[in-house]
Amino acid sequence: AQSVTQLDSHVSVSEGTPVLLRCNYSSSYSPSLFWYVQHPNKGLQLLLKYTSAATLVKGINGFEAEFKKSETSFHLTKPSAHMSDAAEYFCVVSDPHGNKLVFGAGTILRVKS
Amino acid sequence: DTAVSQTPKYLVTQMGNDKSIKCEQNLGHDTMYWYKQDSKKFLKIMFSYNNKELIINETVPNRFSPKSPDKAHLNLHINSLELGDSAVYFCASSRDSGQGADTQYFGPGTRLTVL
């Protein structure tokens, strides 16, 4: 069985400061992990994806995530927040075939000016 | 061109009605999915089809019936709508590369409101 826990339901940062969105996963096998972003009233957009290659994954819009097997974590970071980053972020774990995605509960990121 | 499209974007209907949501992808993908996002924004897979064949059915009530006329389309028909069916429904698609977890591309969502 697989599951994802996003440790913070809401994160608030000031524009220009670093972003950290935390995610822990549980998986019976070597996981594939994703971060998706959902802007208000919009669909889901893939930010980045880990599939057992490099443990540090770079995504779009300056985001990156590091896979840490020992900590079963896949935290999302960005060095400097921008107002346009305000959205909801979902950490996702997949079965090896990618057919079944299991979503975390989401973290709402607020960026203050 | 939109990669994964859904119609309608909004759907408001009365309890007991039957409605359909359509999904089309122009990415040439082999696998399509339906997800439900409830009022708390929790997303859960409902169905998955690969080349028109059902491969995942996550214990969804049989009032929900997906139909895949071809591999570019996966429609969702819902009978006897209930208040609890109100949600945002997302369609998605992915390749079937056979090389691990392929990325799923999501449509814009259909907001269903049952009154």
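The structure presented is a predicted model; accordingly, all values stated were derived computationally and were not measured.

Draft legend 1. Quick look at the overall build of chain B. Within chain B, the regular secondary structure consists of zero helices and eleven strands. Going from N to C terminus, chain B has its helices and strands arranged as β-β-β-β-β-β-β-β-β-β-β. The C-alpha atoms of chain B give 14 Å as radius of gyration, which agrees with the globular expectation for 115 residues (13 Å, within 12%). Taking the principal axes of its C-alpha atoms as reference, chain B extends roughly 45 × 30 × 30 Å. The buried share of chain B, taken over its 115 residues, is 46%.

Draft legend 2. Examining the overall build of chain A more closely. Along chain A, the regular secondary structure elements total zero helices and twelve strands. Secondary structure elements of chain A, listed N to C terminal, follow the sequence β-β-β-β-β-β-β-β-β-β-β-β. What you see for chain A is a C-alpha radius of gyration of 13 Å, in line with the 13 Å of a compact globule of 113 residues. Across its three principal directions, the C-alpha atoms of chain A cover 40 × 25 × 20 Å.

Draft legend 3. The arrangement of the pattern of salt bridges in detail. With the rule as written, the count across this model stands at eight salt bridges over all chains. Here Lys58 of chain A makes a salt bridge to Glu64 of chain A, at a shortest N to O gap of 2.8 Å. Two residues, Arg63 of chain B and Asp85 of chain B, come together in a salt bridge whose shortest N-O distance is 2.8 Å. Of this pair, Arg63 of chain B sits in the loop between β6 (53–57) and β7 (64–70) while Asp85 of chain B is found in the loop between β8 (73–78) and β9 (87–94), placing the two residues 22 residues apart along the sequence. By relative accessible area, which is 4% here, Asp85 of chain B ends up buried. Beyond isolated ion pairs, a larger network of salt bridges with shared partners links Arg63, Glu82 and Asp85 of chain B.

Draft legend 4. Just the packing of aromatic side chains, in detail. All names here are of chain A. By the definition in use, this model includes 13 aromatic pairs over all chains. Seen in terms of ring centroids, Tyr36 and Phe103 are 6.2 Å apart; in terms of plane orientation they differ by 40°. Their pairing is tilted. You can see Tyr36 sitting in strand β5 (residues 32–38) and its partner Phe103 sitting in strand β11 (residues 101–103), a full 67 residues away along the chain. The residues Tyr36 and Phe103 share a single accessibility class, namely buried.

Draft legend 5. Looking closely at the confidence of the model for chain B. Confidence in the prediction of chain B, expressed as mean pLDDT, is 90, and 95% of residues score 70 or more. The secondary structure element of chain B with the lowest average pLDDT is β6 of chain B, at 83, and the one with the highest is strand β3 (residues 19–25) of chain B, at 97.

Draft legend 6. Expanded view of the nonpolar core. By size, the foremost hydrophobic cluster in this structure holds 26 residues, and its most contacted members are Trp35, Leu48, Phe74, Leu76 and Tyr89 of chain A. At four residues, strand β10 (residues 87–94) of chain A tops the list of elements feeding residues into this core. Counting 20 residues, the second-largest nonpolar core is a separate cluster that includes Val4, Phe47, Tyr49 and Leu112 of chain B.

Draft legend 7. Up close: the sheet that holds β7 of chain B. All names here are of chain B. Taken together, the four strands give an open sheet; going across it, the order is β1-β3-β8-β7, and neighbouring strands pair in antiparallel fashion. This sheet does not close on itself; its edge strands, each paired only once, are β1 (4–7) and β7. Pairwise comparison of adjacent strand axes, ignoring direction, gives a mean angle of 20° for this sheet. Judged from the four bridges that link them, β3 and β8 form a sheet pairing that is antiparallel. Within β8, the position partnered with Lys19 by the bridge is Ile78.

Draft legend 8. View of the environment of Lys42 of chain A. Within the fold, Lys42 of chain A resides in the loop between β5 and β6 (44–50). As a C-alpha pair, Lys42 of chain A and Ala87 of chain A span 45 residues in sequence and 9.8 Å in three-dimensional space. If sequence neighbours within four positions are ignored, Lys42 of chain A has contacts with Phe90 and Pro108 of chain B.

Draft legend 9. Spatial organisation of the interface of chain B and chain A. Taken together, the contact pairs 21 residues of chain B with 24 residues of chain A. Together, Leu43, Ala101 and Phe106 of chain B form the three largest contributors to the area buried by chain B at its contact with chain A, with a combined 30%. The interface formed by chain B and chain A includes two salt bridges. At the surface where chain B touches chain A, the tally comes to five residue pairs in polar contact (both at pLDDT 80 or more). Among the elements of the structure, β4 (31–37), β5 (43–50) and β6 of chain B are those that each provide at least two residues to the side of chain B that touches chain A. A total of four residues in the side of chain B that touches chain A trace back to one element, the largest contributor, which is β4 of chain B. By residue class, the composition of the side of chain B that touches chain A is eleven nonpolar, six polar and four charged.

So, how was this worked out
- Each chain carries its own residue numbering, running from 1 in the written order of its sequence.
- Whichever chain is written first becomes A and whichever ligand is written first becomes 1, with later ones labelled in order.
- In view of the model being predicted, local features appear only for residues whose pLDDT reaches at least 70, and side-chain atom pairs are presented and counted only at 80 or more, with totals across whole chains, interfaces and linings using the full set of residues.
- Side-chain measures here rest on the full set of heavy atoms in the structure, leaving out hydrogens and waters.
- Secondary structure elements are defined from DSSP: runs of H or I of at least 4 residues count as helices, runs of E of at least 2 residues count as strands, and each element is numbered from the N terminus.
- Our radius of gyration looks at C-alpha atoms and nothing else; its globule reference is 2.2 Å times the residue count to the power 0.38.
- Think of it in three bands: with a 1.4 Å probe and only protein chains considered, a residue is buried below 20% of the maximum accessible area for its type, exposed above 50%, and partly exposed in between.
- Each salt bridge in this description consists of a side-chain nitrogen of Lys or Arg and a carboxyl oxygen of Asp or Glu lying within 4 Å of one another.
- Side-chain rings of Phe, Tyr and Trp (the six-membered ring for Trp) are treated as a pair once their centres are within 6.5 Å; stacked means planes under 30 degrees apart, edge-to-face means over 60, and tilted covers the remaining angles.
- Confidence scores per residue from the predictor, reported as pLDDT, run from 0 to 100.
- Nonpolar core, defined: a set of buried Ala, Val, Leu, Ile, Met, Phe, Trp, Tyr and Cys residues in which side-chain atoms within 4.5 Å join the residues together.
- Pairing between two strands requires that DSSP report at least two bridges joining them.
- To obtain each axis, a line is fitted to C-alpha atoms, and for helices this fit is confined to the stretch in contact; angles are then taken between N-to-C directions over 0 to 180 degrees.
- Throughout, a residue-residue contact means that at least one pair of heavy atoms, one from each residue, lies within 4.5 Å.
- Accessible-area loss on putting two parts together, using a 1.4 Å probe and summing over both, is the definition of buried area adopted here.
- For the purposes of these results, a polar contact is taken to be a pair of N or O atoms within 3.5 Å, where, inside protein, one atom must be able to donate a hydrogen and its partner to accept one; residues adjacent in sequence count only when each atom of the pair is a side-chain atom.
- Residues are sorted three ways: Asp, Glu, Lys and Arg are charged, Ala, Val, Leu, Ile, Met, Phe, Trp, Tyr, Cys and Pro are nonpolar, and all the rest, Gly among them, are polar.

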